[in-house]
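# Remarks on the overall topology
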Amino acid sequence: MEPETLIEAAHEARKEAYVPYSEYPVGAALETASGEVYRGFNVEIVNYSNSFHAEELAVMGAIRDGHTDFERVAVVSAENDGVTPCGMCRQTFAEFCDDSFEIFTEDDDGIKQYTLGGLLPDAMKPGNLQDR
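This report concerns the structure included in the present document. The structure presented is a predicted model; accordingly, all values stated were derived computationally and were not measured. (Residues numbered from 1 in each chain as written. Predicted model: local features only at pLDDT ≥ 70, side-chain atom pairs only at ≥ 80, totals over all residues. Heavy atoms only, no water.)

Moving on, we get to the packing of aromatic side chains. For the structure shown, the criterion picks out 3 aromatic pairs. Relative to Y48, the ring of Y21 has its centre 6.4 Å away and its plane inclined at 75°; by these criteria the two rings are edge-to-face. You can see Y21 sitting in the loop between α1 (3-14) and β1 (26-32) and its partner Y48 sitting in the loop between β2 (37-41) and α2 (54-64), a full 27 residues away along the chain. Accessibility expressed as a relative area gives 40% for Y21, which makes it partly exposed. Residue classification places Y48 among the partly exposed residues on the basis of a relative accessible area of 45%. Aromatic pair F93 and F101: ring centres 5.0 Å apart, planes at 35°, arrangement tilted. (Phe/Tyr/Trp six-rings, centres within 6.5 Å; stacked < 30°, edge-to-face > 60°. Helix = DSSP H or I, 4+ residues; strand = E, 2+ residues; numbered from the N terminus. Buried < 20%, exposed > 50% of the residue type's maximum accessible area, 1.4 Å probe, protein only.)

Structure follows, in structure tokens:
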């Protein structure tokens, strides 16, 4: 899938965000290895620690449907500020993806591309526990 198409899917997901406290809606579109796209959006709960990130909802939807092999993700905000996944979401991707997993975002200058390994070098991986 082209990055532009994935970015657009993330923008569509963003419109569903529930963000009454921060007013910072985020959308994500996760492409599986089989080409399916799972969308997610952030959901804020008043205490914040019970809130959900857009990437989390996209990953959970894909896993629910039996997908654990992912190709790329797009993450966008209404601010068009080039938001990238937070550390927790990066670690979630590291559970399922290798360092070359592509992450797209968008700012006023256009689409930006990152890799998971570039954003989270030396991530903890499932193999780290097996080496013990």
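Having put the structure on the table, let's press on.
Working note: non-glycine residues mostly have negative phi, and peptide bonds are mostly trans. A positive phi angle, near 55°, is found at E23, a position not held by glycine. Relative to the elements of secondary structure, E23 occurs in the loop between α1 and β1.

By themselves, these observations are geometric and do not establish any function.
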